[in-house]
Amino acid sequence: MVLDLKMLADVGVIAQPNAGKSTLLTYCSEASPRIADYPFTTVEPVLGVVRAEWKRFVMMEVPGLIAGAHSGVGLGHQFLRHAERARIYLHLIDGLSDDPIGDFRMINEELKLFNPGLLEKPRVVAVNKIDLPEVRQGITSLEEPLRQAIIETQPIGVAYQNTPLFFVSAATGEGVTEMLAEVMSILDRLPNEEPSL
């Protein structure tokens, strides 16, 4: 018999490669993930303890997911198995992407194909890199279509239907405090979980 112990984290940061997951984890915690300008810099989940106000929680950077991850493309099977053990998801979107809404939909589709139950977990969505002028200028045109995509990918009947959307900069910290406050609010409403095999 083979035992498979999966990591347990309060928050799993999920995104495509190069969306800024490592930068966000570094900003929010004392973790020191490797940061570089090429895809798949992170190939193992990285954990960091986030201390915000009077609380703390464990945030896990899930290595970047790509189309086909549910079937093992880009080590996706391995990455998604770790994502299963997060209590909530922080879905980070690269504001520099040519198709941020398509990226959002793709990640949700990969979660669904791997394990439909993953879409029932509460989530927070954040568009990253608003410190860059071209990203900040696109907020107005992106916000409403993205909110619609969030609604369309939310399973019917799930308790956390009002998925919050933030526009942040992991590099400068803009908007991150407000985002973390929402994450803590969601965690406060969830029952505690124990690690499982």
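Since we're looking at a predicted model, the values are computed, not measured. (Residues numbered from 1 in each chain as written. Predicted model: local features only at pLDDT ≥ 70, side-chain atom pairs only at ≥ 80, totals over all residues. Heavy atoms only, no water.)

**What about the pairing of strand E2 (residues 46–52)?**
Right, so step 1: Bridge analysis of E2 against strand E3 (residues 55–61) gives 7 bridges, and the strand direction is antiparallel. Looking at the pairing, Val46 lines up with Glu61 of E3.
Right, so step 2: With antiparallel pairing between neighbouring strands as the criterion, E2 and E3 make up a hairpin whose turn holds 2 residues, including Glu53 at a positive phi of roughly 55°. (Pairing = 2+ DSSP bridges. Helix = DSSP H or I, 4+ residues; strand = E, 2+ residues; numbered from the N terminus.)

**Here's the deal with helix H1 (residues 21–28)**
Right, so step 1: Of the positions making up H1, those classed as buried are Lys21, Ser22, Leu24, Leu25 and Cys28. Buried residues of H1, viewed axially, fall in a sector of 160°; they line one side.
Right, so step 2: In this structure, the buried side of H1 is in contact with strand E1 (9–14), E2, E3, strand E4 (86–94) and helix H6 (176–188). (Buried < 20%, exposed > 50% of the residue type's maximum accessible area, 1.4 Å probe, protein only. Arc of directions from axis to C-beta. Contact = heavy atoms within 4.5 Å.)

**A short note on the pattern of salt bridges**
Right, so step 1: One pass over the full model with this rule turns up 6 salt bridges.
Right, so step 2: Where Glu143 meets Arg147, a salt bridge forms, and the shortest distance between an N and an O atom there is 2.9 Å. On the criterion of helical spacing, the pair formed by Glu143 and Arg147 is a turn pair, its members being 4 residues apart in helix H5 (residues 139–152).
Right, so step 3: Judged by relative accessible area, Glu143 falls into the partly exposed class, the value being 28%. (Salt bridge = Lys/Arg side-chain N within 4 Å of Asp/Glu carboxyl O.)

**Description of the confidence of the model for the protein chain**
For any part of a model where pLDDT is low, the fine detail of the predicted coordinates should not be relied upon.
Right, so step 1: Across the protein chain, the average pLDDT comes to 80, with 74% of residues at 70 or higher.
Right, so step 2: For residues 38–42, every residue scores under 50 in pLDDT, and the model assigns this stretch 15 contacts once sequence neighbours within four places are set aside.
Right, so step 3: Throughout residues 69–77 the model reports pLDDT below 50, and contacts reaching past four residues in sequence, or to other chains, amount to 18 contacts. (pLDDT = per-residue confidence, 0-100.)

**Notes on the side chain of Ser169**
Right, so step 1: Mapping Ser169 onto the fold places it in the loop between strand E6 (165–167) and H6.
Right, so step 2: Its relative accessible area of 0% is what places Ser169 among the buried residues.
Right, so step 3: In contact with Ser169, other than residues within four places in its own chain, are Asn128, Lys129, Ile130, Asp131, Glu174 and Val176.

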